[in-house]
Structure formats: structure tokens, C-alpha cells
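One-letter residues, chain by chain:
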Amino acid sequence: MSDHRTDPQPPVTDRRTFLKRMGVAGAGAVLASRVPRPGAAHAQDMTVRPDPAAKRGGTLRYAVHNAPAHFDVHQSGTVANIGPQSPMYDTLLRRSPKDGQTIIPDLAHKWEISPDGKRYTFHLRKGVKFHDGADFTAEDVKATYERIARPPKGVVIPRTPLLATVGDIVVVNPHTIEFRLTEARPKAYMLGAFASGWNIIVRKKTLDDNQGNLRQVMNYPGTGPFKHVSRKDREVWIMERNPNYWNKGLPLVDKLEIYHMFPFSPELGSAFLSGKVDYARLLDPVSWRKAKEMKGVTAAAFNQSVIQAFWTNMVKNKALADPRVRRAIHLAMDRHTLVEVVKDTAPMQVGGFVYPFHEMSTPLAELEKKLGYQKDIKPAVQEARRLMKEAGYGNGLRNLDFVVRDIATFKLWAVAIQAMLKEHLNIESNLRVVQTSVWFDEAQAGNFDLAISAIVSTLMDPSDIFSAWYGKDGPQNYSRWTNPAFHDLASQIEKELDDTKRKAMVRKAEEILENDPPLISVSYEQIYDAWYNKVRGQNPSTYFGIYDVVRWDNVWLG
Amino acid sequence: MAMEALGTAGASPAIRGLSTMRALFRELVRFSRRNTLAAIGGLVGLFIIFVALAAPLLAPRDPLKADFRRMNKPPDAQSLLGTDQVGRDTLSRVIYGARTSLFVAFSAVILGTTVGSLWGVACGYLRGRFDLYSQRIMEILQSFPDLILAMAISMAIGTGLQAVIFAIAITRIPFGGRVIRSVALSVREMPYVEAGRASGASAMRIMALHVLPQCIAPYLVLATTHLGVAIVIEAALGFLGVGVPPPTPTWGNMLADSITALVPPWWLAFFPGLAITVTVLAFNLLGDGIRDTLDPRLSPAFLRMMAGGRRG
Amino acid sequence: MRKYLTRRAVYAAVTLLGVSLSIFVILRVLPGDPLVAILGVEGHAQMTPADRERIMADLGLSDPLPVQYVRWLGDIASGQLGKSFFRGDTVAELILHRGPISAEIGVLSVIISWLVGLPVGILSAFKPNSVPDGIARTLSVLFIAIPGFWLGMLIVLALLFWFGYKAPIIIVHVWQDPWQNLQIVIGPAIVLGLAQGAYIARMSRSCLLEVISEDFVRTARAKGLREGFVVMRHALPNALLPVITISGVLLGFVLGGSVAVEQAFGVPGLGRALVAAVIERDIIVVQNLVLLYAVIFVAVNVLVDLSYAWLDPRIRYG
């Protein structure tokens, strides 16, 4: 497989070319792609530098959802926070904007890992200032990571499980900080955690001044390339370049205009196609196809660290607590049709409980042979009906409260899923469409029988997914699912350093999930980006997700 | 003809009934000839009501059933108005949408106008403090733009069919209140009512026997004129996403759902809106005709009252 | 006149007080704990009773309802219009930023309605039951029936697909760039204006028809005055009076209808902010915006009544 570090390539225009370069046989195998394990490559000498050919100045107009329920990035899992807010912050390490995979220095210019893998030492840059003029020191890193690893009461952070083995965080001196782990973890995993776009570094004073809760603070100081100028709710967020940015020479544009638009919305599509927006992320397939045809426009597709699924409330509903019922529901889903239903609204692909494009997971060709993923659903439905009868629910279920996030894809799927449940299993549900913020509240409060949404993982690594999505009492485990055998296996997988053994264990874990589903997967998201060719420096074709390379510091307008 | 020669007096009830019906029919014909538009409106309205009532029989398919083999099909022989993104038949959904929209509109208008009218009768007849306070309350209700009041109320009491009906009904109360109040006021001054009062008849009895019958005509005018408004408010609530919740098909919901893709299928964006327009048009024309007939004078003062203007 | 003025003003003030009370009552009936919105459900569940009391007291939500009501009125009087639960934007900012757009749409639509409705109504009245009259009446009836938001939807789609055109996506005020601003407001203004214009055409036609047959007009004609002169001096004022009256009602229509029409055109106006707040259940924002709409409605109706009174010599000189 090509090594992104030493083989820079021009931007790819579509998946086919991308896959050819990746050496995957058959352009039709869109879904069986293998991307090298993220974080496997890291380079301590690759701090982002401005492109020598870059022109400076100008305003970049970009559109993303920027009316989040609150402003606390750490507590968030949605693009509505990371999309607009990240240009104002830096992280300890970051993923290189060149390939979206390689981990490179950011606020830490050098790092060391002890041979036993339990001590991570980061050397921080000197002379870095926050937007309010305060000096950046290791105390700020400690305060940030203490918060993420051990959030105060009232604060819930989805990345906490990633740092579960972080014990003491020691400030050696104002520019050196040490993380002492209670247990070793694979290097790629830990470095991935430190490089996650979500773990923005904030000032210790900011946290102290706000009782550790930044939900209502719109503009807390960061060290990032852009500074907040103004924000009009549900309209636009304007930022300007930070003249005192530590990375001299960056950023390259003078101003960011971030417009508020919903993902996959026709609003976004029409704004991009009519030239009102320079860079469109999360474009709908119809606009994206149109964009590909346009002269002077580049269109890219890449994978997203998000699963679209619906949860079954095992606490509230006795029937749903039975694994046979859940497996029946899992089998009754016609996944290929579900992808088809939204084909004009959002780009999706079929998948199971783990990312279909990760090398540890069951490859899609194999997956499609299993019940629940086949194109012909008759065998799966038969098995599903048998299970329901065996569990004592041969006559189905009534009056399930099905909570739906108010986004086009979920609304369409909810109707389709409702139809599939009724037709195949005689399960009757009532759809309740709510706003996103209300959905998360209802989900966490357990006010639902079925609830459909999308959730994020920070890394592609199964260990992250297993703890973030399926971990006991995990923040995104809305079904409140537990399975002792699985949790045991998951903790072994976390510690296993041998790849072959790990892969075998992951397959076993997948089997457990298939038979006792913690959630019912609908599909995995792909991302369609498009930009006018004057926007240079952003090549998302090899990115994983939209949460890591989001800073726009090395982007320029030609 | 022989009937008329005989005259109806002294004839059996069946014959009397029949000739009443013939008289009614003749009235209708006369009405239609003078107000052709209103008659057409009435016929179309009746047709729509019939469609709404007979929806389960008329709709070719279940409006809620997704058909994954026929997603996003344009109008063709199998689906006369096309299908939506999950394969639901648009024609069936429009027909059932008529059911929901008309049910909501009729319920809301009847509820609101009746409550308002009864309140207005009480105000007009009883006068005094009750009238004063009631007037102020109605004034306050009328200070809110229709849609906004409906939105605020449905936010408070939740979404759902009953909530929407209730919210729209509340916005109709003041109109009934005002008009019927002035009718009651004028009837109150009539000599025979004075006589009734003098002879000790109870307020309730007088209101029921003398005032109410005079209110029937204005009530009918009110109800028909506000039907169109109620339909549009319900559709607007659905369009904004705060009306009758999905998956129940209402015309407003369908319009909102149609704009989910950059290139919305034209049949999804067109037919529900057309349905709203035709229905509102029909009932408006009918209402105009009824108003013309029952109050041909159409004085600005009356209109002002209908429109709810304040005078002192 | 002055007596009438004061009476009317006091009247309006009392009404507004009642309006504010109704809004307060309606929205306080809402189920659910406002703190959930601020802290999120998990955070909310982890609060100790002491924490909860402290935060509620800070926000003033633990006082008895009447106290909260009075404080709310006081806040509004002193210009503190509250802020959103979610992103902390102040309602005042919202009104100052988006208000002008919605106001422009309203005013423009009224102007359009008069420019379109009056001439059509007058001409129809002068040639009743002729072909142009028939067309005018058909169109009027049609425009009253067509839902504004549907028309808006279709216009946006047509402009996009036939001309590749899309209106500006962020707010540009008229004092910043009039042309951009016009593009934003003209669509909704036309849709709302045509609908209002239809009502005005019908109203002015029927009122004018009545007046035209009246004695003094016949006398004027008999005196040999020209038709146009007759119209201007005698007929028109009588046609205008009901138009002014109906403007109050039509304003309610504009204020309400603009919410849906703004949504259809994608205009970032006050109406859309209200809808978003209702959907997110952002109580304070809804409360204060609804109050604003009611205040505007009441104020304009007072103006209408005052102008009516001014035109009525009995009140003007009485």
C-alpha cells in the first residue's frame, strides 16, 4: 500500500481513483477499501508549514451547521461544535492536513514514549499565547486533560473512555508535561487520542472561571490560527486571522465566514452551486454529482467516523431487553434498501457493528454473506420471525415510542424502518420527530423505546468503538446494554499488542454483538466535499471523518 | 305541480316534508343561479368533504405504507400522482391529507366559533361586568397574529391532532364573540324581548328562545369564512414542523418533506399545495355566497365587525 | 380628539398588560425543567439539590410566579430582553439584527398591496361585471386562496432551476448594500403583498360600488363633472376608509403569514428565529418575541384607529 508520508499525490477526484491508488482490485468494490491503520505513521518533524506557492489574504466562505445546543467542544459529539469552533483552537498533537492520518506535532513539538508504554512525555512550544494574551503553559494542558479524563460533576465528555488509563498528569516544568498511564495501551491508540480534533486545549483560567462548564461560553480563548469576531445565531460566524499565531506564516487567509447550514440540505447544495460558498462539506449526493460536472470545481469523497443506528431501550421495555427480540429486529432490516432510500439525500454504505473499512473488521464481501446484510432479506426475515416466536412475541409489539432526530435522513429511515418492523415482525411504533438537542436529552434520559440518530467515534480502532459505543455505562450506549462476555473480551482486546491475535478477538467480539445487539446499525456515513479550485491546501480524500482536520490554517485562496 | 295546487296545509307529514324539500331545492337553485361561483365552490367543497370521509375507500393505497420497489416515481399509471422517497403513494397521501386537514379545520372552526358565539350571546345579553371583562379577554386574544398564537399554544400543550385543533380554535373565538355579541345586543333591545324580561322569564330562557335563533345566520357566515383560514393555518403549522406530527400525512407536512433533496420531485412539491389552494378556494367562494345571501347589504360597518376592528 | 387619544392609549396599555400576562401563563404551563436545557440531561441528573436551588435562584426561577412575572415586565421596560437558553444570544441582539429585515418585508408588502390592490379595486368598481373585472375578481380570489408559503417554495425552486439563482444567504441590511438587501426581502414582500392586495382589491371594489351609487356622486355627475374628478374627490376617500380599517386585520395576516413565508424563502428573519425557538423550546426567546409581535400588532391597530378617528369629523372636532 502506498505510504502517504513519502508519496504525496495530487487531490483525488473520486473514490475510484483513490481506490486504484490504494491498490484495491476492482473499482466496483467501493466498500471494501482498506485504509492503513491511522496513527501508524507519525512524524515528529512534520509541523505544518505554509505552502511556498501560497498566496495570502482573502476570505474563505465555508458552510457548516453552527447552531449547537451549547458551546462546550469537549462535551460535544456533533459537527455543529467542531465545525465552526475548531479554527480557534489547537491540540497537543494533530493529524496532518496532507493526508489526514499522519500524527504530527502541534502545541507539543516533540514527544517521547517510555519503553514500557506507560509514560508519555510532551515537550511544549514556548512563546505561545492565547487569544486574550495569556501565556500557554503545561498547566493549561493539565487542566484540559484532567477535565477530559475525569470530568467534574455535571459534565459529560464522550472522549473520557479514551483516556481511561491515564493516571497522573504531571507538570514537569512550564513546557513539559507527562502522562502516566496505569496500564500500557497500543501506541497508535494513545497518540490517536492526543491527536483528536476534539481535545482542544483551553486555558486553565477559563475552566476555573466557569465552574468547569463551558456550555454557555461562546468565546473562550484558544491558541488557534483564527480569532472570534462576531456570531449571528443561525446565520454566520465570522473569524479573523490571529496575528500572533505561534506557527509563523500561518494562517494564510485573513477571514473565515462560516455560514450556518444543515448537513446534506438543499440549502447547502444550492448555496455552493450558485457560488455563495467556496467550500462545502457534507454535501448531498445530487449537488455533489452536479459539482463534479462543474468546471473549476473539485469533488471528493471520504469515510466518516460516524455510524447511523437506532437504539432499543432495554431498561424501559422488557421485550427489547431480550436479545432474541433485538437480533430479530437486527435481521429484519433491509440495509441495502435503507441505503437506497436516502441515496439522493446523503452518501451511505452498509456496515455492521464496526467500521466496514477498517482492517480489523470483517470485510464487506464476507459481511454481505451474513444474515442481516444480504441483498435478499427473506432468509433473514424468516430467522427473525422464528426468534420473535421463540421469545414469546410472535404477535409482535405495540406502541413503541420511536424518537427521530429532525434531519431528512433520519426521518426517511424512520418511516422505512417502521414499515419494515411492521411488515416483517408486526412491531408497531409511533414516530416522534424532535430537534437534535431534544433527541440527545431524551436519549440520555431514557425517554424512548426506539431512537434513531448517528454517533461518532474518535478513532477507527475497535477499542475506541467498543468502549465509546458499547462500553458498560458508556456515554453513547443509549440502550443501556451490557454483556459480561463482551466487556471481558473488549478489555483483552484493548491490551493485546499482537495484531493477528487482536484481529481474531475482534471477530469473536463481532459475533457476540451480532447475537446480542447493543444497537441496530443502519449504515455508515461517507462524506462528500466539494470546493472551487481557488481553495487550495485541503485534500480530504484520505481523511477519516470530519473532526480532526478542521482548522483551515494551511488553506489558501488562489 | 299537483302538490302545489293542493297546498301543503292539512297534508300528511310525508307530503309536507317532501314539499319542504322541494322548496329547499328551489331555494338552492335560485341561490346557485345568482351566485354561480358560490355554488361551484359549494359543490367542490362537498366533493372534498366526501373524499375526506371516504378516504379509506378512495385511496388506492395505504398512505403510510412504504414500497421500496417504487421510490421516487413520477406520476404514472400505477401512482397517479407519483411516489415519495420511501415509495408512499402521493395520491393516497393527498386524499388522507384531506381527511386530516378538514377534520382539524372543521373541528377548530366549529369549536372556536361555537364557544365564541355562546360567549358573545352571554356578553351581549348580560352586559355589565361580565361583558366588560369578556371584551377585554377577547381583545387580548385578538392582539396576537393567528399563526403566532397557534404556535405558542401548541408549544405549551404539545403537538398532536387535538393540540392543533385546540390551538386554532382559540384563535377563532374572538371573531364569533364580537359578531354574535352585537347581534345579541341588538336583539336585546327588541320589544318582545323586553316584554319577556318584564314578564319574568329567566335570562337563559330568553337567550335560548329569542337571541340564539337570530344568531344562526351570522354564525353560518362566520363558520364558512373562517374555514379557509383554519385550513391554511393548519397547513402552515405543518410546513413549519410544529403541526400535526409525522407520519400522519397532512398537506403542510407533505410540502415540508418534499424539499429534502436539492431537486425535489415536482409532484411532491406541487400536488399538496394545489390541494390546499383548491380546498380553500372552494370554501371561500361558498362563504362569499352565503354571506352575500344572508347579508346582502354588506355594509362597511358589518365588515368591520367581521374583521374584528375595535371601536371604542 | 385629545380625549380620544388618551383613552385609546390607556386602553392599549391595559391590553398589552393582559397580553403579557397571557403569554406568561401560556408558557409557564410548559412541562419540563428549564435547567435541563442549560446543563444537559446528564449534568442535570448529577446536580445535588443544593446546586439546583442555587442555579434556580440565580436565574430567578425559584421565585413565586407573580414575582417572576413582575420582574419580567421590569426587565422588558428596562430593555433587558433576555437570552437564549442554548447559545446565550440575547433577544435584543436578535431583534436588532433580524428585526429590520422582517420589518422591511412587512412594510414593502403593505406598499405592494396598496399599489396593486387599490387600482385594481377601483378600476373594477368602475366597470363592474366586465371582462377585466371578472379577471380581476378571479385573480383576487385565487391569491387569497393560494398559501403564501407554497407560492414562495415554488418561486425559490423555479429561480434555482431555471436561472441558477439563489438569494443572499446572510443578512445584508438596506444601509449596507441596498441591492443585496432588496434581493433578500423582495420575494416574501411580493408574495405577502399580492395576497393582501387581493383582499384590498375586493374590499375597495365593493365599498366603492356602494358609494358610486350614492346620491352625492350622482349629483356630482349630474353637475357635469368629469368621471376622473368624481373619483378623486368623492369616491376615493370612501374607498380608502375601509382599506385603512382592514389594514389592521391584514397586519395580523402579515405578521403571522410572514413566519411561514420567511421559512419558504429561507430569509433569516425574526419569524424564522421564532420558529427555531419554538422547536428548540427556548422559552425566554419565544416569550419575548411573541410579546414583540403582539406589541407591534396592538400599536399598529392603535394607529389605524387613530387615523380612522382623525378622518371622522365627529371625533376630530368633538
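In every chain, residue numbers begin from 1 and rise along the written sequence. Lettering for chains starts from A, numbering for ligands starts from 1, and both go in the order in which the items are written. Whole-chain, interface and lining totals are the exception, using all residues; otherwise, since this is a predicted model, local features are given only for residues with pLDDT of at least 70 and side-chain atom pairs are given and counted only at 80 or more.

Quick look at the overall build of chain A now. What chain A contains, in helices and strands, is 17 helices and 19 strands. Atoms counted for the radius of gyration: C-alpha only. Globule rule: 2.2 Å times residue count to the power 0.38. Against the globule reference of 24 Å for 558 residues, chain A gives a C-alpha radius of gyration of 23 Å, in line with a compact fold. Structurally, chain A occupies a C-alpha span of about 70 × 55 × 45 Å along its principal axes. Taken over 558 residues, chain A has a buried fraction of 58%. We call two residues in contact whenever the C-beta atoms placed from their backbones are within 7 Å. Taking contacts inside chain A between residues at least 6 apart in sequence as the whole, the part at least 24 apart equals 70%. Helix numbering and strand numbering both begin at the N terminus, where a helix is a DSSP run of H or I of at least 4 residues and a strand a DSSP run of E of at least 2. Exposure criterion: with C-beta atoms placed from backbone coordinates, a residue whose C-beta has 20 or more other C-beta atoms within 10 Å is buried, one with 12 or fewer is exposed, and one in between is partly exposed.

This part is about the overall build of chain C. Within chain C, the secondary structure is distributed over 13 helices and 0 strands. In chain C, which comprises 318 residues, the share counted as buried stands at 42%.

The next thing to look at is the interface of chain C and chain B. With 45 residues of chain C at the contact, the number on the chain B side is 41 residues. Looking at the side of chain C that touches chain B, the elements with two or more residues in it are α1 (2–28), α6 (131–145), α7 (148–163), α8 (178–212), α10 (227–265), α11 (270–280) and α12 (283–311) of chain C. Ten residue types, Ala, Val, Leu, Ile, Met, Phe, Trp, Tyr, Cys and Pro, are classed as nonpolar, four, Asp, Glu, Lys and Arg, as charged, and the remainder, Gly among them, as polar. In terms of residue class, the side of chain C that touches chain B is made up of 32 nonpolar, 11 polar and 2 charged.

A separate point is the interface of chain A and chain B. The partner chain B presents 14 residues to the 19 residues of chain A that form the contact. Elements with a contribution of two residues or more to the side of chain A that touches chain B: α6 (266–273), α7 (285–293), α10 (335–341), α13 (408–425) and β15 (427–434) of chain A. The greatest single-element share of the side of chain A that touches chain B, amounting to 6 residues, is contributed by α13(A). Classifying every residue of the side of chain A that touches chain B gives 10 nonpolar, 5 polar and 4 charged.

Another aspect to go through is the environment of A490(A). Residues and elements named next belong to chain A. Along the chain, the position of A490 falls in helix α16 (residues 484–495). Taking the C-beta count within 10 Å as the criterion, A490 has 22 such neighbours and is therefore assigned buried. Spatially, the C-alpha atoms of A490 and D464 are 9.8 Å apart, while their sequence positions differ by 26 residues. For A490, the contacting residues outside a window of four places in its chain are F466, S467 and A509.

All names here are of chain A. The buried count for helix α9 (residues 323–331) comes to 7 of 9 residues, which makes it a mostly enclosed element. Of the positions making up α9, those classed as buried are V325, R326, R327, A328, I329, H330 and L331. As for α9, its buried residues are in contact with β12 (297–312), α8 (318–321), α12 (378–391), α13, α17 (499–515) and β17 (520–532).

This part takes up the sheet that holds strand β5 (residues 119–124) of chain A. All names here are of chain A. Spatial strand order, β4-β5-β7-β6: 4 strands in an open sheet with antiparallel pairing. The open sheet is flanked by β4 (108–113) and β6 (166–173), the only strands paired with a single partner. Pairs of neighbouring strands in the sheet enclose a mean axial angle of 20 degrees, with direction left out of account. We call two strands paired when DSSP finds no fewer than two bridges between them. As paired strands, β4 and β5 are joined by 5 bridges and run antiparallel to one another. Paired with W111 across the strands is F122, a residue of β5. Inter-axis angles, ranging from 0 to 180 degrees, are taken between N-to-C directions of lines fitted to C-alpha atoms, where helices are fitted over the stretch in contact.

Residues and elements named next belong to chain A. The amide bond that connects L250 to the next residue, P251, takes the cis arrangement and shows omega of -10 degrees. Its place among the elements puts P251 in the loop between β9 (236–241) and β10 (255–260). Positive phi outside glycine occurs at N399, with the angle close to 55 degrees. The backbone of W552 shows a phi angle near 65 degrees, a positive value even though the residue is not glycine. Inspection of the secondary structure assignment puts W552 in the loop between β18 (535–536) and β19 (556–557). Since 26 C-beta atoms lie within 10 Å of it, W552 is described here as buried.

All names here are of chain B. Over its 12 residues, helix α7 (residues 146–157) runs 17 Å from end to end, which matches the ideal 16 Å to within 8%, given 1.5 Å per residue. Taken across its 12 residues, α7 has 10 buried, putting it largely inside the fold. Every buried residue of α7 is listed here: D146, L147, I148, L149, A150, M151, A152, I153, S154 and M155. Expected helix span is computed as 1.5 Å times (number of residues minus one).

With that settled, the discussion passes to the nonpolar core. Among soluble globular proteins, nonpolar side chains are generally buried collectively. In these notes, a nonpolar core means any group of buried Ala, Val, Leu, Ile, Met, Phe, Trp, Tyr and Cys residues linked to one another through C-beta atoms within 7 Å. Judged by nonpolar contacts, the single largest core of 181 residues is most densely connected at F310(A), A332(A), W413(A), A416(A) and A451(A). Looking at this core, the element that brings in the most residues is α13(A), giving 12 residues. Ignoring anything within four residues of it in the chain, the contact list for A332(A) reads V381(A), A384(A), M420(A), L421(A), H424(A) and L425(A). One finds V164(B), V179(B), I105(C) and W150(C) within the second-largest nonpolar core, a separate group that totals 154 residues.

Next up on the list: the pairing of β5(A). Only one face of β5(A) is buried: it carries Y120(A), F122(A) and L124(A), and the other face, with R119(A), T121(A) and H123(A), is open. The antiparallel hairpin formed by β4(A) and β5(A) contains 5 residues in its connecting segment, where G117(A) sits at a positive phi of about 70 degrees.

As a further point, take the packing of helix α5 (residues 90–126) of chain B against helix α8 (residues 161–188) of chain B. All names here are of chain B. Put simply, α5 and α8 touch, their axes get as near as 4 Å, and they point 35 degrees apart. Crossing hand, α5 versus α8: right-handed. A class-by-class count of the residues in the contact of α5 with α8 yields 23 nonpolar, 11 polar and 4 charged. If you view the pair so one helix is near and one far, a crossing is left-handed when the near helix is turned anticlockwise from the far one by less than a right angle, and right-handed when it is turned clockwise.

The subject of this paragraph is the pairing of strand β14 (residues 397–405) of chain A. Remember that side chains alternate between the two faces of the sheet whenever the strand is regular. All names here are of chain A. Of the pairings in the sheet, the one linking β14 to β15 comprises 7 bridges and is parallel in character. Across the sheet, V404 pairs through a bridge with V433, a residue of β15. Orienting the strands away from the viewer, one traces the path from the first strand over the helix to the second; a clockwise path indicates a right-handed crossover. Read as a crossover between parallel neighbours, the route from β14 over α13 to β15 is right-handed. Sheet topology places β14 next to strand β16 (residues 450–456); 3 bridges connect them, and they run parallel. Residue V404 lies in a different strand from β16, and its bridge partner there is I452.

Confidence of the prediction at every residue is given by pLDDT, a number between 0 and 100. With 92% of its residues at a pLDDT of 70 or more, chain A shows a mean pLDDT of 86. Segment residues 1–40 of chain A is flagged for pLDDT under 50; beyond a separation of four residues in sequence, or across chains, it makes 65 contacts in the model.

The next point concerns the environment of Q287(C). Residue and element names in this part refer to chain C. Mapped onto the elements of the fold, Q287 is located in helix α12. Expressed as a C-alpha distance, the spacing of Q287 and H97, which sit 190 residues apart in the sequence, is 18 Å. Sequence-distant contacts of Q287, that is, excluding residues within four places in its chain, are made with I23 and L27.

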